[in-house]
Amino acid sequence: MLFANAGRLQYSISDIPNFLRARALAAKADAAIDQAKFQEVVAKHASEGYDSYKYFDKQLWLRTKMMRVVELGLDKSAHASVLDMGCGAGYFLYCCKYLGHRVHGLDLPDYEFYRDMIALFGISRTGFRIEPYKNLPQLGRRFDVITAHQICFNGHKTEWLWGAGEWDFFLGDLEENYLNPGGTIGLEFNEEPAIGFYPKEVRRYFESRSARIFRGRVILSQGNQRSRQARTESPLAAAGTTR
Ligand SMILES: C[S@@+](CC[C@H](N)C(=O)[O-])C[C@H]1O[C@@H](n2cnc3c(N)ncnc32)[C@H](O)[C@@H]1O
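Residues numbered from 1 in each chain as written. Predicted model: local features only at pLDDT ≥ 70, side-chain atom pairs only at ≥ 80, totals over all residues.

(A) View of the overall build of the protein chain. Within the protein chain, the secondary structure is distributed over 10 helices and 9 strands. Counting every position in the protein chain, which comprises 243 residues, the buried fraction comes to 36%. Once local pairs closer than 6 in sequence are excluded, the contacts in the protein chain between residues at least 24 apart make up 68%. (Helix = DSSP H or I, 4+ residues; strand = E, 2+ residues; numbered from the N terminus. Buried ≥ 20, exposed ≤ 12 C-beta atoms within 10 Å, placed from the backbone. Contact = placed C-beta atoms within 7 Å.)

(B) Broad picture of the site of the ligand. Around the ligand there are 13 residues in total, and Gly86, Gly88, Ile130, His149 and Phe153 lie nearest to it. For the shell around the ligand, the residue count by class is 7 nonpolar, 4 polar and 2 charged. (Near = placed C-beta within 6 Å. Nonpolar A, V, L, I, M, F, W, Y, C, P; charged D, E, K, R; others polar.)

(C) Region of the structure containing unusual backbone geometry. Phi at lysine 157 takes a positive value of approximately 60°, unusual for a residue other than glycine. With respect to the helices, strands and loops of the structure, lysine 157 is situated in the loop between strand E6 (143–151) and helix H7 (164–177).

(D) Seen up close, the nonpolar core. With 58 residues, the main nonpolar core has Met66, Cys95 and Cys96 as its most contacted residues. In terms of residues, this core owes the most to one element, helix H5 (residues 91–98), which gives 7 residues. Excluding residues within four positions of it along the chain, cysteine 95 makes contact with Ala29, Leu62, Lys65, Met66 and Val69. (Core = buried A, V, L, I, M, F, W, Y, C linked by C-beta atoms within 7 Å.)

(E) Just helix H1 (residues 16–31), in detail. Given a rise of 1.5 Å per residue, 16 residues ought to cover 22 Å, and the 23 Å separating the end C-alpha atoms of H1 matches this to within 8%. When we look at burial in H1, the residues that qualify are Ala22, Leu25, Ala26 and Ala29. Burial along H1 is one-sided: seen end-on, the buried residues are contained in an arc of 110°. In H1, the exposed positions that point more than 90 degrees away from the buried face belong to Ile16, Pro17, Leu20, Ala24, Lys28 and Ala31. Tucked inside the fold, the buried residues of H1 contact helix H4 (58–71) and H5. (Expected span 1.5 Å × (residues − 1). Arc of directions from axis to C-beta.)

(F) The arrangement of H7 in detail. The end-to-end C-alpha distance of H7 is 20 Å, a good match for the 20 Å that 14 residues give at a rise of 1.5 Å each. Considered for burial, the residues of H7 that qualify are Ala164, Trp167, Asp168, Phe170, Leu171, Leu174 and Glu175.

(G) Quick peek at the pairing of strand E5 (residues 124–127). Where strand E4 (residues 102–107) meets E5, 4 bridges bridge the pair, whose relative direction is parallel. Across the sheet, residue glycine 105 finds its bridge partner in E5, namely arginine 125. Since E4 and E5 lie parallel, the crossover through helix H6 (residues 112–121) that links them has a hand, and here it is right-handed. (Pairing = 2+ DSSP bridges. Right-handed = clockwise from strand over helix to strand, strands pointing away.)

(H) Seen up close, the packing of helix H2 (residues 35–44) against H6. One can describe the packing of H2 onto H6 by two numbers: an axis separation of 10 Å at closest approach and a directional angle of 175°. The orientation of H2 with respect to H6, classified from their angle, is roughly antiparallel. Of H6, the residues touching H2 (which contributes Lys37, Phe38, Val41 and Lys44) are Asp116, Met117 and Leu120. Class assignment of the residues belonging to the contact of H2 with H6 gives a composition of 4 nonpolar, no polar and 3 charged. (Axes fitted to C-alpha atoms, helices over the stretch in contact; angles between N-to-C directions. Parallel < 35°, antiparallel > 145°, perpendicular 65-115°, else oblique.)

(I) Main features of the environment of isoleucine 146. Within the secondary structure layout, isoleucine 146 lies in strand E6. In this structure isoleucine 146 comes out as buried when scored by C-beta crowding, with 26 C-beta atoms within 10 Å. Excluding residues that lie within four positions of it along the chain, isoleucine 146 makes contacts with Leu83, Leu174, Tyr178, Leu179, Gly183 and Ile185.

Read these as spatial facts, not as claims about activity.
Right, dumping it as structure tokens:
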């Protein structure tokens, strides 16, 4: 494994071509940012804690998120519509927008630093709290690619971490109401203390959906998924759980 990130090694030799491509694209995307306005946002939030401060390293975040873009093939695909849930400061969506995609974010409404970054990047966003077994709000359109990166809305680091039932409801809602036919859902998990990226039953659930799973990433292409109607209880049964 190569390349340390936040104290962890995360890429392997086979990632080098993607990594180099992401780095080159990130530099171009960076050059297109209004640097004076970015510095204004940084100055405004300079005295805040780590949740804002960590995103001041623009080069690091653009490289990291452009790598996610490349892994999803969005650097080479035709222009797509992209929804990012828990979009935070908006670096991933900005990378997509830079490459010509139409983008929209969803996040908790109140964090001012995120709002300022999203405004800097010129991205539309819906303020909403994702909760287990609760449908997302109407967004008025569907998307070709739906993502969530470094996910926290799944009860990350809490006692109520989502299981297969919560994920089945959430993905079912996305597929029925937000994802275009043939679309892709790309998830990137944070590591949980002691258990890895998610409980074993959740991994079995994703496997039962023929997801592509690598290094905390779970990618579901709709060609691999059955419709919600057809799925009934079987993915949960395959995961060894019931709702
Ligand atoms: C670790 S940050 C990741 C931000 C961004 N996705 C990234 O990769 O840089 C987690 C994000 O999830 C958002 N979030 C946490 N709980 C949420 C919830 N219940 N509903 C919607 N967003 C949530 C936070 O506001 C924050 O933007």
